[in-house]
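This is what each chain is made of:
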Amino acid sequence: MGTDPDTHRFTNHKPLQALLLSIIPGIGQFYNRKFYKGSIFFILFFAFIIAFTDFIDMGLWGIFTLGTQVGRDHSLVLIIQGLVTIFLLIMALLFYGINLRDAYKDAEKLKSGFTIPSLKESFHNTYEKTFPYFLIGPGFFLVVFAIILPLAFMLSLAFMNYRLRNAPPAALLDWVGFDNFIQLATVPIWQNTFLSVISWTIIWTLVATTLQIALALFLAVLVNDKRIKFKKTLRTMLILPWAVPGFVSILIFAAMFNDGFGAINRQIMEPLFNMSIPWLTDVFWTRVAIISIQVWLGFPFVFALFTGVLQSVSNEWYEAADVDGASRWQKFTKITFPHVMFATAPLMIMQYTHNFNNFNIIYLFNEGGPAIRGQNAGGTDILISWVYNLTFSQQNYSMAAAISMIIGLIIGLLAFLQFRRTRSYKEEGEVY
């Protein structure tokens, strides 16, 4: 792009007029003498209107009304069509904004005496600047329709009255605003259950994860000690629980902890202590059992991580500490522990977020039980297993969606705090 020798030709060119003319896409480009580009904008604009007017009209009507006639209208279908309509409108607005900006910028350049690149040159420049975006384009559309659209559908259910008694197509849904969230906070049964479940979810996450990390660190440091022989054999044995599929281990433990015929009671507790513990029927003991099982299932992975990191700790650091007269505890707190945590902190945070949503062990061990009077969740239900029961057992889809939204906010906040500290979240040395 250079300076136009015929600078007087566009001296009186008006960028604002080009912008106003671009209210109809393409007209502003015609005003700038860019006829090919204007034709493309004009044709795409009217093609969009002709192709999608009826769909958008139906989509907007459907997502606002959710249907008006039982039997003819299906609220769920109308929601999906409405969400697709919103995505189409967002893309159309993006296209419209590009059209306005293009016309205004070209008019400014013309007025300043610059020559505007030809259509071919424009395509070439655009291709050079946006080639990476073309590559990620298919992935972006896949994310929109495979992740964002289902997520938006789930979020919309949180603001409706979608339950078993008024499920489509036998009935029509209604928008209820924040009623589901208000019920969680004010209706006694929902309030008590929510507070109980989220309290237990936090305790479960902190206790089970911290114990498995502490056990893994203790064993990794112990096996890494110079005085320990057969290190390879010991490491292999300690990682073996990780090799067994988790659901198989959980089912075996569920049988072992069975109140009636389980080996824990019949082979250990009764012969040694002359007592039997209600592992599956008492809330406290059920929680103790699943925390123990999770520590057993989770520590091998963390142990393998810590073992690898410990191999990278230089012996010279410990030798220097010995010269300074440091004790074993001081060497552990000043050298070993900081080094291990610095290298594995993001993965440790992921362990906590994983256990926050660890559905398998809760459901497979005792299906969230035992039941608690005055609550519609089991004594060991965490948020994710409660959502599962609300969805598939009680078919209270809207309340399940509201709780899922709360879970998403918590996990999203934790993920943001985690990834904000990683280099993958930084660009050119800056944190956004």
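Only a predicted model underlies this, so the values are computations on that prediction, with no experimental measurement involved. Numbering of residues starts from 1 in every chain and runs along the sequence as written. Per-residue local features are limited, in this predicted model, to residues with pLDDT of at least 70; the limit for side-chain atom pairs, both in listing and counting, is 80 or more; totals at the level of whole chains, interfaces and linings are taken over all residues. With hydrogens and water set aside, each side-chain value is computed from the structure's full complement of heavy atoms.

Undergrad: Go over the packing of helix H6 (residues 179-186) against helix H7 (residues 188-224), please, and point to the residues and values.
TA: Here an axis means a line fitted to C-alpha atoms, over the contact stretch when the element is a helix, while the angle between two N-to-C directions is reported on a 0 to 180 degree scale. Helix and strand assignments follow DSSP, with helices taken as H or I runs no shorter than four residues and strands as E runs no shorter than two, numbered in order from the N terminus. At a closest axis distance of 5 Å, the pairing of H6 and H7 adopts a crossing angle of 75°. Taken as axis vectors, H6 and H7 run roughly perpendicular relative to one another. Packed against H6, whose contacting residues are Gln-183, Leu-184, Ala-185 and Thr-186, the element H7 presents Pro-188, Trp-190, Gln-191 and Phe-194 at the interface. Note on residue classes: Ala, Val, Leu, Ile, Met, Phe, Trp, Tyr, Cys and Pro are nonpolar, Asp, Glu, Lys and Arg are charged, and everything else, Gly too, is polar. Split by residue class, the contact of H6 with H7 holds 5 nonpolar, 3 polar and no charged. An angle below 35 degrees is treated as roughly parallel, one above 145 as roughly antiparallel, one from 65 to 115 as roughly perpendicular, and anything else as oblique. When checking whether two residues touch, look at their non-hydrogen atoms; a contact exists if any pair is within 4.5 Å.

Undergrad: Can you explain the layout of surface pockets? Please cite residues and give values.
TA: In this analysis a 1.4 Å probe is tested at points of a 1 Å grid over the protein atoms alone, and where it fits but cannot get out there is a cavity; an open set with protein on both sides within 12 Å along at least five of seven lines is a pocket; lining residues have an atom within 4 Å of a point. Grid points are joined across faces, edges and corners, and a volume is the space filled by probe spheres set on the points. By volume, the largest pocket amounts to about 2100 Å³. In this structure, the largest pocket is lined by 46 residues; those nearest its centre are Phe-41, Leu-94, Phe-95, Ile-98 and Thr-126. Elements with a contribution of two residues or more to the lining of the largest pocket: helix H3 (35-65), helix H4 (75-111) and helix H5 (119-157). Tallied by class, the residues present in the lining of the largest pocket amount to 33 nonpolar, 6 polar and 7 charged. The space that makes up the second largest pocket amounts to roughly 730 Å³. Along the wall of the second largest pocket there are 19 residues; nearest its centre are Val-221, Asn-224, Asp-225, Tyr-318 and Arg-328. Taken together, the elements giving at least two residues each to the lining of the second largest pocket come down to H7, helix H12 (315-323) and helix H13 (328-356). With 5 residues, the single largest contributor to the lining of the second largest pocket is H13. Residues belonging to the lining of the second largest pocket are distributed by class as follows: 8 nonpolar, 4 polar and 7 charged.

Undergrad: Lay out the packing of helix H11 (residues 283-310) against H13 in plain terms, naming residues and giving numbers.
TA: The N-to-C vectors of H11 and H13 enclose an angle of 150°; their axes lie 10 Å apart at closest approach. When the axis of H11 is compared with that of H13, the two are roughly antiparallel. Helix-helix and strand crossings are classified by hand; for H11 and H13 the assignment is right-handed. Listed contacts from H13 to Gln-294, Phe-301, Val-302, Leu-305, Phe-306, Val-309 and Leu-310 of H11 are Thr-336, His-339, Val-340, Met-341, Ala-343, Thr-344, Leu-347, Met-348, Gln-351 and Asn-355. For the contact of H11 with H13, the residue count by class is 11 nonpolar, 6 polar and no charged. If you view the pair so one helix is near and one far, a crossing is left-handed when the near helix is turned anticlockwise from the far one by less than a right angle, and right-handed when it is turned clockwise.

Undergrad: Which residues make up the side chain of Asn-396, and what values do they have?
TA: Structurally, the position occupied by Asn-396 is in the loop between helix H15 (383-392) and helix H16 (397-419). For Asn-396, a relative accessible area of 9% puts it in the buried group. Contact partners of Asn-396, with chain neighbours within four places excluded, come to Tyr-162, Arg-163, Trp-190 and Leu-390. The buried label goes to any residue with under 20% of its type's maximum accessible area, the exposed label to any with over 50%, and the partly exposed label to all in between, with areas taken from a 1.4 Å probe on protein chains only.

Undergrad: I'd like to hear about the packing of aromatic side chains, residue by residue, with values.
TA: Between the rings of Phe, Tyr and Trp (Trp by its six-membered ring), a pair exists once the centres lie within 6.5 Å; its type follows the angle of the planes, with under 30 degrees stacked, over 60 edge-to-face, and the other angles tilted. Scanning the entire structure with this criterion turns up 26 aromatic pairs. Ring centres 6.2 Å apart and planes at 45° place the aromatic pair Trp-200 and Trp-204 in the tilted group. Here the residue Trp-200 and the residue Trp-204 both occupy positions in helix H7, the gap between them amounting to 4 residues, near one helical turn. Each member of the pair, Trp-200 together with Trp-204, is buried. Note on Phe-359 and Tyr-363: the rings are 5.2 Å apart at their centroids and 15° apart in plane angle, and the pair reads as stacked. Here the residue Phe-359 and the residue Tyr-363 both occupy positions in helix H14 (residues 359-366), the gap between them amounting to 4 residues, near one helical turn. In this structure Tyr-363 comes out as partly exposed when scored by relative accessible area, which is 26%. Connected via pairs of aromatic rings, a cluster forms that spans Phe-253, Phe-257, Trp-279, Phe-284, Trp-285, Trp-296, Phe-299 and Phe-365.

Undergrad: Please set out a positive patch on the surface residue by residue, giving values where relevant.
TA: Patch definition: residues above 30% relative accessible area lacking any salt bridge, with like charges linked at up to 9 Å and the nonpolar side chains Val, Leu, Ile, Met, Phe, Trp and Tyr linked at up to 5 Å. Computed with the Shrake-Rupley method and a 1.4 Å probe, the accessible areas treat only the protein chains shown as cover for residues. One speaks of a salt bridge when a side-chain nitrogen belonging to Lys or Arg is within 4 Å of a carboxyl oxygen belonging to Asp or Glu. Residues counted as positive are Lys and Arg, residues counted as negative are Asp and Glu, and His and the chain ends are not counted. A single reference atom marks each charge: NZ on Lys, CZ on Arg, CG on Asp, CD on Glu. A cluster of like positive charges, contributed by Arg-101, Lys-105, Lys-109 and Lys-129, occupies part of the molecular surface. By residue number, the principal contributor to the positive patch is H4, which donates 3 residues. Residue position: Lys-105 is located in helix H4. Exposure remark for Lys-105: the relative accessible area of 35% places this residue in the partly exposed category.

Undergrad: So what's going on with the pattern of salt bridges? Which residues, and what values?
TA: This structure, assessed with the given rule, holds 5 salt bridges. A salt bridge links Asp-225 to Arg-227, with the shortest nitrogen-to-oxygen separation between them at 3.0 Å. You can call Asp-225 partly exposed: its relative accessible area is 21%. Judged by relative accessible area, which is 59%, Arg-227 ranks as exposed.

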